[in-house]
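# Examining the three-dimensional arrangement
Chain by chain, the residues:
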Amino acid sequence: MTLTEEPRLTGRPALPEEPAVSTHEPIWKLMLRKYMKNKLAVAGAVLLFLIIGAAIFAPWLAPKDPSQQVLLDKLAPPGKDYPLGADNLGRDTLSRLLFGARISLLVGFASVAGSIFIGTVVGAVAGYYGGKLDAVLMRFVDAVISFPSLFLLITLVTIFEPSIMTLIGIFAIFGWTGTARLVRGEFLSLRKSEFVLAARTLGIRNGRIIFSHILPNALGPIIVSATLGVGGVILGEAALSYLGLGIQPPTPSWGNMLQSAQNPQIMLGAWWYPLFPGLMILTTVLAFNFVGDGLRDAFDPKIDD
Amino acid sequence: MSEIGLIHSLGTEETAGRPRDTLLEVKNLQMHFPVKTGVLQRVTGQVKAVDGVSFTVKKGKTIGIVGESGCGKSTMGRSIIRLYEPTGGEILYNGKDIAGLPEKQLHPLIRREIQMVFQDPNASLNPRKSLGSALAEPMKAHNLYGSRQKRVERIEELLDLVGLHRSVINNYPHEFSGGQRQRIGIARALVLNPELVIADEAVSALDVSVQAQIINLLEDLQEKLGLTYIFISHDLSVVRHISDRVGVMYLGKLVELSDKEALYEEPLHPYTQALLSAIPVIKKDGAEVRERIVLKGDLPSPSSPPPGCIFHTRCPYKMPMCETVVPDFREAAPGRQVACHLYGEPPF
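The shown structure was predicted, so the numbers you read here are calculated from the model rather than taken from an experiment. (Residues numbered from 1 in each chain as written. Chains lettered and ligands numbered in written order. Predicted model: local features only at pLDDT ≥ 70, side-chain atom pairs only at ≥ 80, totals over all residues.)

If you tally the helices and strands in chain A, you get 13 helices and 0 strands. The buried share of chain A, taken over its 305 residues, is 38%. Counting only contacts in chain A whose residues sit at least 6 apart along the sequence, the fraction spanning at least 24 positions is 70%. (Helix = DSSP H or I, 4+ residues; strand = E, 2+ residues; numbered from the N terminus. Buried ≥ 20, exposed ≤ 12 C-beta atoms within 10 Å, placed from the backbone. Contact = placed C-beta atoms within 7 Å.)

See below:
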């Protein structure tokens, strides 16, 4: 044996090496610490927290019934009775914004949850198994992307009654392709990494490798794309509702509140009416983007302090 | 490929007369990757990463595989452990050919008995798994050490073996140094009590002082557990230290295979001679003992290897026949095989 024939290699005494860090920090604490360093992300999180809270507690926070029309007060400017003014039918804008937040956020979260689920499964399978399966799935993704989705959306909305559920379904069905490509890319590179090879040589099953080894390491980009996706869907819902194909009145959503402000006379004469729904959309989407950015850094184990 | 069928039939005949202490016998192993081009992904060529490698490994011994980067040594290791499905040849593990076995049949045997220590201690551990859960997972996958208590005991035993403190069981990879991570990588390779461990550049990414510790650890473990190693490295000194036999790879083929002492003292193949002449030798009076052989040119592409002897484009002793005739990998001296026309009579 080599041991008896040759002197041992020199070096520091073999055992033990320097002790491992004794105060080990749970991974979530580390992530939280990294997240807190990003001031914009913290601001975004606070904003989102407030908006979500406002949406949840809308019935208690709203000063008026959001669908109560007082025609005498139509287009009333912001003031004592109407903190953010009133719309063209004399409904309180603040109350409608609060209830509209419920709809906008619900549509945003639910459709992104759906599209992330579809996209992750398709992308994971394509990226991990590769080969023909990958080619078939990705051509399918290409096909979905090439659909003229706006026209299809409009057609679908005219066939099915435009309701919250159909909107969620449509956004989920058309929104997953980006996630699928992203997840596929992550899986393509991670499946060749040494820790995945090690798991394979140890006889860990494919399903477990996908969900327990690769997915947690691909979670960062997925969550980032999800947060950005919520912002995107809120914009999309606003656009559809603005065209009158989204949430139908009298249910308030930020998008359909803008719809009734299309009239240039209203836009110029009663600036407060379109301003506040627009501002809400802007702040919410921005907040989601900031949070997404912060999460990206927090999830990356390689970026140290 | 009609050759493969022939080799298979040869293989089964010889298996019967296999010496008892042979753990692994690799016969004419080939790992060719198709080169696909264009939209239709037509196969337009082959990268012959491993092209007809044969060697045997005895139980409890270490075979070192050296070669420059791109020579196919890592691909060979990954084919043997069946991360790849070889395109030809046989891998006889305890006499059983595992080269074509589907994953399901690999699971109960090969996925326990052959393990690998990887090169990069930063990339070979899942950053999201604590040490404990990383080591417990394979036990669960093979239904071993059935209770949590037993698994913890096994993990503690492994930590003792590789020289890590038991208190680190809940730590994550980022909390360890490079050397410690490599110890974890070794512990993970040992979880399932393997027979054969393939170390693929296992110390190349470490500092020299840590390299020495890890090599000593590998040697200690070999003695304690009776492990068999395939030690793949580009580092000739490290291979010399740890190996019993050494194979030299060039462009997907073994060009020389020999006992360590003979190979390092009297290299036969011109490529081996050139490699060894690159090891600096320090003598007290400062005189160079060996003449440095500097190879001209680059490693040819494995997708279009040169005809005849693969080394003829860079060989200082090139003869006319080297350009056309492929040299056999033949016994040039007892226990020494070499693929070079300089040794032995040409086959015609």
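Across its full length, chain B carries 11 helices and 12 strands. For chain B, the C-alpha atoms occupy an extent of roughly 70 × 60 × 50 Å along the three principal directions. For chain B, the residues scored as buried account for 46% of the 348 residues in total.

This next bit is on unusual backbone geometry. Residues and elements named next belong to chain B. Residue N94 is not a glycine yet carries a positive backbone phi of 50°. Phi is positive for N143, close to 55°, though the residue is something other than glycine. The topology assignment puts N143 in the loop between α5 (131–141) and α6 (148–162). Classification of N143 as exposed rests on a count of 7 C-beta atoms within 10 Å.

Within the largest apolar cluster, 151 residues are counted, with the highest numbers of intra-cluster contacts made by A187(B), I198(B), A199(B), V248(B) and Y250(B). Setting aside residues up to four positions removed in sequence, I198(B) forms contacts with G77(B), I80(B), I81(B), I114(B), M116(B), I230(B) and I232(B). (Core = buried A, V, L, I, M, F, W, Y, C linked by C-beta atoms within 7 Å.)

Mapped onto the present numbering, the UniProt feature "domain: ABC transporter" (unreviewed entry) falls on residues 35–276 of chain B. Helix makes up 38% of residues 35–276 of chain B and strand 25%, and the two end C-alpha atoms of the span are 34 Å apart. (UniProt positions renumbered as here; feature names shortened; annotations may be inferred.)

Under the feature "domain: ABC transmembrane type-1" (unreviewed entry), the UniProt entry names residues 101–292 of chain A. Secondary structure across residues 101–292 of chain A comprises 84% helix and 0% strand; the distance between its end C-alpha atoms is 20 Å.

Turning to the sheet that holds strand β1 (residues 22–37) of chain B, a few remarks are in order. All names here are of chain B. A sheet is described by the order of its strands in space; here 4 strands give the open sequence β2-β1-β4-β5, paired in antiparallel fashion. Either end of the sheet is taken by a strand with one partner, and the two such strands are β2 (42–58) and β5 (96–97). Pairing analysis gives 5 bridges linking β1 to strand β4 (residues 88–93), with the strands arranged antiparallel. By the bridge assignment for β4, V26 is matched with I91. (Pairing = 2+ DSSP bridges.)

Turning next to helix α8 (residues 208–225) of chain B. If you check α8(B), its first and last C-alpha atoms are 25 Å apart, about what 18 residues at 1.5 Å a residue would give, namely 26 Å. Immediately downstream of α8(B), the backbone of G226(B) shows phi near 65°, a positive value. (Expected span 1.5 Å × (residues − 1).)

All names here are of chain A. The UniProt record annotates "transmembrane region" (unreviewed entry) at residues 40–62, 103–129, 136–157, 163–183, 214–235 and 271–292. In this annotation, residues 40–62 is assigned 91% helix and 0% strand; the end-to-end C-alpha distance for the span is 29 Å. Segment residues 214–235 splits into 100% helix and 0% strand. End C-alpha atoms: 32 Å apart.

A few words on the packing of helix α8 (residues 164–190) of chain A against helix α10 (residues 206–242) of chain A. All names here are of chain A. In contact at an axis separation of 10 Å, α8 and α10 are set at 150° when each is read in the N-to-C sense. With respect to α10, the element α8 is oriented roughly antiparallel. The element α8 and its partner α10 pack so that their crossing is right-handed. Within the contact between the two elements, α8 uses L167, F171, G175, G178, T179, L182, V183, E186, F187 and L190 and α10 uses I214, N217, A218, P221, I222, S225, G229, V233, G236 and E237. Residue composition of the contact of α8 with α10, by class: 11 nonpolar, 7 polar and 2 charged. (Axes fitted to C-alpha atoms, helices over the stretch in contact; angles between N-to-C directions. Parallel < 35°, antiparallel > 145°, perpendicular 65-115°, else oblique. Left-handed = near helix turned anticlockwise from the far one by under 90°. Nonpolar A, V, L, I, M, F, W, Y, C, P; charged D, E, K, R; others polar.)

All right, on to the environment of G114(A) then. Residues and elements named next belong to chain A. Counting through the fold element by element, G114 comes out in helix α5 (residues 93–129). Note: C-alpha distance between G114 and W176 (62 residues apart in sequence) is 7.9 Å. Filtering out sequence-adjacent residues up to four positions away, G114 remains in contact with I168 and A172.

Let us now look at the confidence of the model for chain A. All names here are of chain A. Across chain A, the average pLDDT comes to 82, with 90% of residues at or above 70. Predicted confidence is poor over residues 1–6, with pLDDT under 50, and the contacts of this stretch with residues over four places away or in other chains come to 7 contacts. In this model residues 11–17 is a low-confidence stretch, pLDDT under 50, and it forms 17 contacts with partners more than four residues away in sequence or in other chains. (pLDDT = per-residue confidence, 0-100.)

Quick look at helix α9 (residues 194–201) of chain A now. Along an α-helix, residues three or four apart share an orientation, since each turn contains 3.6 residues. A large share of α9(A) lies buried, amounting to 6 of its 8 residues. Check the buried side of α9(A) and you find it contacts α8 and α10 of chain A together with α4 (110–113), β6 (114–117) and α7 (178–190) of chain B.

Turning next to the environment of A172(A). Residues and elements named next belong to chain A. For A172, the location among the structural elements is in helix α8. Look at A172 and you get buried, because 20 C-beta atoms sit within 10 Å. Counting along the chain gives 62 residues from A172 to A110, while the straight-line C-alpha distance between them is 8.2 Å. Aside from chain neighbours lying at most four places away, what touches A172 is S111, G114, S115 and I118.

As a further point, take the pairing of β2(B). Residue and element names in this part refer to chain B. Sheet analysis places β1 next to β2, joined by 13 bridges and oriented antiparallel. Looking across to β2, one finds that E25 is bridged to T56. In this structure, the hairpin formed by β1 and β2 is closed by a connection of 4 residues, where G38 is found at a positive phi of approximately 80°.

Moving on: the sheet that holds strand β11 (residues 330–333) of chain B. Residues and elements named next belong to chain B. Here 8 strands make up an open sheet; going across it, the order is β6-β7-β8-β3-β9-β10-β12-β11 and the pairing mixed. Each edge of the open sheet is held by one strand with a lone partner, namely β6 and β11. Across the sheet, the mean angle from the axis of one strand to that of its neighbour is 25°, orientation sign disregarded. The strands touched by helix α11 (residues 270–277) within the sheet are β9 (245–250) and β10 (253–259), with β9 carrying the most contacts at an inclination of about 105°.

All names here are of chain A. Structurally, L106 is set in helix α5. Overall, L106 belongs to the partly exposed group, with 16 C-beta atoms counted inside 10 Å. When the C-alpha atoms of L106 and V230 are compared, they prove to be 9.7 Å apart, with 124 residues separating the residues in sequence.

What follows is about the pairing of β11(B). Residues and elements named next belong to chain B. Pairing of β11 with strand β12 (residues 336–338) involves 3 bridges; the strand directions are antiparallel. Counted as the bridge partner of A333 is R336 from β12. Between the end of β11 and the start of β12, which pair antiparallel, lie 2 residues, with G335 showing a positive phi angle near 75°.

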